[in-house]
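Each chain is listed here by its residues.
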Amino acid sequence: MGIRFILMVNKQGQTRLAQYYEWLTLEERRALEGEIVRKCLARNEQQCSFVEHRNYKIVYRRYASLFFLVGVDNDENELAILEFIHLLVETMDRHFGNVCELDIMFHLEKAHFMLEEMVMNGSIVETSKANILSPIQLMDKAS
Amino acid sequence: MGSQGGFYQSKEFLDLVKSIGEARSKAEEDRIVLNEIETLKRRISEPDIPKRKMKEYIIRLVYIEMLGHDASFGYIHAVKMTHDDSLLVKRTGYLAVTLFLNEDHDLIILIVNTIQKDLKSDNYLVVCAALNAVCKLINEETIPAVLPQVMELLAHPKEAVRKKAIMALHRFYQKSPSSVSHLVSNFRKRLCDNDPGVMGATLCPLFELIARDVNSYKDLVISFVSILKQVAERRLSKAYDYHQMPAPFIQIKLLKILALLGSGDKQASENMYTVVGDIFRKCDSSSNIGNAVLYECICCVSSIYPNPKLLESAADVISRFLKSDSHNLKYMGIDALGRLIKISPEIAEQHQLAVIDCLEDPDDTLKRKTFELLYKMTKSTNVEVIVDRMIDYMISINDNHYKTEIASRCVELAEQFAPSNQWFIQTMNRVFEHAGDLVNIKVAHNLMRLIAEGFGEDDDNADTKLRLAAVESYLRILGEPKLPSVFLQVICWVLGEYGTADGMFSASDITGKLCDVAEAYSNDETVKAYATTALMKIYAFEIAARRKVDMLPECQSLMEELLASHSTDLQQRAYELQAVIGLDAHAVACIMPSDASCEDIEVDRDLSFLNDYIQEAIEKGAQPYIPESERSGMLNISNFRNQDHHEASSHGLRFEAYELPKPAVQSRIPQTLIASTEIVPVPEPMYPRESYQTTMPSIPSDAGSAELKLRLEGVQKKWGRSTYTPATSTSNSTSQKTVNGTSQGDGASTVSSMRETYDSRKPQVEVSHEKQKLAASLFGGSSKTEKSPATGHKAAKASSHVVEKSHVPKSSLEVASEKATPAQQPPDLLDLGEPTATSTALQLDPFKQLEGLLDATEVASAVNGAPAASRSPDIMALYADTAAGIHNKNDADLLSGLSNPSVTNMPGTTAMPQVTQSSSKGPNPKDSLEKDALVRQMGVNPSSQNPNLFKDLLG
């Protein structure tokens, strides 16, 4: 499975984007988000960007006010996931230009579309920014 | 663009997003969302909503669910939206549906039709949107509805469609492997797809397939190696580069696959050595992504058949990771070390200090990882230090999940490597004291067994000492408040069994403590039961030793309480205790031999000892025994036989012995009859009949006689006869009580279970001896190594010896199998999909295939050694953005965070031009100039919020 979920949460702990690759009920999501956000936000910058949580790991990275959290299986390469987050941010940056929290909020569906291109079935399937963005650009043009 | 919102967004939507964004508390956010729910409920069902508006509503629904509230009232509208003609609206509909619904939701059935239609669309983006939905919404039952179309799409001219179709098939495989088992060969075919994106995606399902069945994919080793080689040589499109690394995510996936394929396979591994070695050399160790690939190389090297050179490279990387300031790299280093020490244990030696630093680091993640490493390198020489540390840490944390894990690891290590009994007991006490309720009950049973059996040595004296140590420590620990139930059970059992065994403690000491326990934990019936039985044992041993028994007043009051207990189990035990106290020394010694928990109990299944008695009874006019089958019509049979044995009574003659009596039997024996006929072996407390003591140890007599009685007389129910019932309850119940719960039951139950465990333990003991020896020569242990680095040499030798040994049989086997199948292998290698290929083409084919992957221009650029040229526009664009953004964006701007990493990465790469790489890669002066400029700009720019990010990235 690899990636179990991708969350974007601001530093107040408010969810800005949530994509799960295994089904959880609303209550489960809420509980999980609360738990891990509390855990990750409490950590300082010197500490590892990885947190073990139950039987999986969370790899997280902070960009200004926004935290990107990725839940992964235990045998996943943490550093690679850390760079995957960065790739996602670079991709969003290329599309939005200096992406910020509000960009994601106003274009939630686009952020999701990018994720849909990059990750399927919990695996990273596309890492070329051009390939990730081209369907979105085509849709923009069409509409 | 940016934060101003899109052209088509309404003010309402902008306001909603803004207010959510500005909400200062969860309560405020909830209020906004609840308001929004009300609004939407009203609006969304209005007629003739324009589709742009509807799309916005749907996104607002997504917000509602994302913020933790139910938006099910609008699901149907999301489903409807998937029918829309406009691609953007349709895709938003699909997105919302995949976020809202799971594959078993009732509404899915409404979407399947739409998906089917969309899969046939001429517009490939519509097809892609539908395939995304397929991956998330199709369950086992609906797979057949879309499978044929997905299969067709595997050959679609658009690579994006092929990629998603592969992933859809992958999903089907995950959901229901059997439904697509005949189609898995498609994954092999797509591995040689012209498009690197499709090839990369295909690695995901292949990885899973290989993990499940390595041997069917050994033929692909050569292909994977050649793909990896070409990726590493930058022959893929530059679009896949990330921070100057060629397609690192594909490299990582390939390395993972190779690790699986090369595990324990010398021949396969040998094919990989060169390419993995190359990657070790080429990887940019100054960037995160380079280190990620290096880490994956280490994982691969430690999984495949060992190669000294690669192990050396891996060890170098590990030591660099461990010396780094970055916690992330240290973490990876510790993890990698844990993998590598399995193969070369001696490398831990040089990193002891780093490891100890990590262990003492305040960062919990790092600490835990280090404990994992320690767990892997525990030996009998260092077990004390390691387990001590682990327990200290276990006590300090609150996370029950991890506490349980670390507790069971402590127990495991202690059982395996305990240097002394004393230490073992102390360690177990600490574990139980602090995590008793979290550990598996079996651990407690194991501990009791260990104390009973000793450590398998012949030295009885040592066992006695072990028990004494246990008793002493338990008496001390009982003073502590709030002990876990499991621990108390162990304590009670051990005190009962061995409390007075060596005369150190008097019976009144021990019984007093036991009564205290029963009183202090009066809510815990299991503990009370253990305590009662322990009391009985103590008194029994006293009686058997012909000492005067004075029951303590508190014990008497406890018994009175238990005799009237609601729990029949406790009641039974109390009666039993009373009965035993009434017996004479000889009888007690028979039923409750001291220190006999490990003795076998022989059950006289034929009840031969009763023959005389029966003869006598028949002579006196008693009716002979009628076999069960012959009295099937009689009413009281079902009463009398335990409920579990209905089936027995209905079948023919029973030739096997009767089972041990069940509690039900006991309770139903008419008391008066028993007393008068004197058949029941143990008399009631008020009518002691010592004369029958000889029959006492034999449980079945009770059953036999009881049957007889029942048949003769009506059923008079009477509760409270205890005598031997516990034995039966223990013999066939699996509850906790089984373990040494009651007097004789003890014996019966433990004996059978003990035989098993004893057998299983024996080899284990031997292993641990062997291990201990090995360890002594291998590794001083983390505590010891500090003092004696000399052991390292031995370690190396010994370990390599071990490694060789373990591989010898395997490799010879492999050789054999290779010989057997040389003809088959080449075709597989050549052409991933078609078995018709010839073996001569084998070598060339993968390359050919891969050449197809590159379009002409890419190849050209790669050949020219000027890969940076094609990349530079991207980078510039990115930088232009960054540079511009710094001035326009406010603090909340993501870029400030984003720009840091990119900046920090760049100097890293430019500052360290890699000599080895320069020939192929070619430093690009233009690039580095730009980067320098950017760095300077960033340096003076105060907008960077997280200076610490630098650390993170530079490390």
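As recorded in an unreviewed UniProt entry, chain B goes by AP-4 complex subunit epsilon and comes from Gossypium tomentosum. In its Sequence similarities (unreviewed entry) section, the UniProt entry covering chain B states "Belongs to the adaptor complexes large subunit family."

As recorded in an unreviewed UniProt entry, chain A goes by the name AP complex subunit sigma, listed as coming from Gossypium gossypioides. Check the Sequence similarities (unreviewed entry) section of the UniProt entry for chain A; it says "Belongs to the adaptor complexes small subunit family." As recorded by UniProt, the Subcellular location (unreviewed entry) comment attached to chain A reads in full: "Endomembrane system".

(A) Spatial organisation of the overall build of chain B. Secondary structure summary: chain B contains 48 helices and zero strands in total. Taking all 955 residues of chain B together, 56% fall into the buried category. Residue pairs at least 24 apart in sequence account for 68% of intrachain contacts in chain B once pairs closer than 6 positions are excluded. Looking at chain B as shown, the accessible area adds up to about 41,200 Å², and 53% of this sits on carbon and sulfur atoms.

(B) Molecular detail of a nonpolar patch on the surface. A contiguous nonpolar surface patch, about 270 Å² in accessible area, is contributed by I76, I109 and L110 of chain B. By relative accessible area, L110 of chain B is classed as partly exposed at 42%.

(C) Layout of the side chain of E78 of chain A. Mapped onto the elements of the fold, E78 of chain A is located in helix α2 (residues 78-96). Given a relative accessible area of 1%, E78 of chain A falls into the buried group. Among residues more than four places away in sequence, those in contact with E78 of chain A are F50, K57 and V59 of chain A together with Y295, Y331 and M332 of chain B.

(D) Broad picture of the interface of chain B and chain A. Listed by partner, the interface residues are 104 residues for chain B and 82 residues for chain A. A buried area of about 8,100 Å², summed over both sides, lies between chain B and chain A, and 56% of it is on carbon and sulfur atoms. A salt bridge links E116 of chain A to R91 of chain B; the shortest N-O distance between them is 2.9 Å. At the boundary of chain B with chain A, the tally comes to 30 residue pairs in polar contact (both at pLDDT 80 or more). Among the elements that make up the side of chain B that touches chain A, the one with the highest residue count is helix α5 (residues 87-100) of chain B (eight residues).

(E) Region of the structure containing the environment of V37 of chain A. Residues and elements named next belong to chain A. Relative to the assigned elements, V37 resides in helix α1 (residues 26-41). Separated by 28 residues in sequence, V37 and V9 have C-alpha atoms that sit 7.6 Å apart. Contacts of V37, omitting those with residues within four sequence positions, involve V9, G13 and L69.

(F) Structural context of the sheet that holds strand β1 (residues 3-10) of chain A. Residues and elements named next belong to chain A. With antiparallel pairing, the five strands of this open sheet are ordered in space as β2-β1-β5-β4-β3. At either margin of the open sheet sits one strand with a lone partner, and together these are β2 (15-20) and β3 (50-53). Recorded for the sheet is a direction-independent mean angle of 20 degrees between the axes of neighbouring strands. Two strands pair when backbone bridges link them, and β3 and strand β4 (residues 56-63) are joined in this way by four bridges, in the antiparallel orientation. By the bridge assignment, H53 is partnered in β4 with Y56. In the packing of helix α4 (residues 108-118) onto the sheet, the strands contacted are β1 and β2, and the crossing angle to β2 comes to about 35 degrees.

(G) Region of the structure containing the packing of aromatic side chains. A full pass over the atoms with the stated rule returns twelve aromatic pairs over all chains. On the numbers, 4.9 Å between centres and 20 degrees between planes, the contact of Y75 of chain B with F100 of chain B is stacked. Placement of the pair is Y75 of chain B in helix α4 (residues 75-81) and F100 of chain B in helix α5, with a sequence separation of 25 residues. The pair formed by Y75 of chain B and F100 of chain B is uniform in burial state, with each residue classed as buried. Taken together, a centroid distance of 6.2 Å and an interplanar angle of 70 degrees make the contact between Y393 of chain B and Y402 of chain B edge-to-face. Considered together, Y393 of chain B and Y402 of chain B belong to a single accessibility category, that of buried residues. Chaining the aromatic ring pairs together yields one cluster made of F5, Y20 and Y56 of chain A. Geometry around Y402 of chain B places R368 of chain B over its ring, the cationic atom sitting 4.1 Å from the centre.

(H) A look at helix α18 (residues 352-360) of chain B. Residue and element names in this part refer to chain B. Inspection of α18 places Q352, V355, C358 and L359 among the buried residues, and these make up the whole buried set. Axial view of α18: buried residues confined to an arc of 125 degrees, hence all on one face. Every exposed residue of α18 that faces more than 90 degrees away from the buried side is listed here: L353 and D357.

The rules behind the values
Residues numbered from 1 in each chain as written. Chains lettered and ligands numbered in written order. Predicted model: local features only at pLDDT ≥ 70, side-chain atom pairs only at ≥ 80, totals over all residues. Heavy atoms only, no water. UniProt positions renumbered as here; feature names shortened; annotations may be inferred. Helix = DSSP H or I, 4+ residues; strand = E, 2+ residues; numbered from the N terminus. Buried < 20%, exposed > 50% of the residue type's maximum accessible area, 1.4 Å probe, protein only. Contact = heavy atoms within 4.5 Å. Areas by Shrake-Rupley, 256 points an atom, 1.4 Å probe, with all protein chains shown as cover. Patch = residues over 30% accessible without salt bridge, like charges linked within 9 Å, V, L, I, M, F, W, Y side chains within 5 Å. Salt bridge = Lys/Arg side-chain N within 4 Å of Asp/Glu carboxyl O. Buried area = accessible area lost by both parts, 1.4 Å probe. Polar contact = N/O pair within 3.5 Å; in protein donor to acceptor, adjacent residues only side chain to side chain. Pairing = 2+ DSSP bridges. Axes fitted to C-alpha atoms, helices over the stretch in contact; angles between N-to-C directions. Phe/Tyr/Trp six-rings, centres within 6.5 Å; stacked < 30°, edge-to-face > 60°. Lys NZ or Arg CZ within 6 Å of the ring centre and 35° of its normal. Arc of directions from axis to C-beta.

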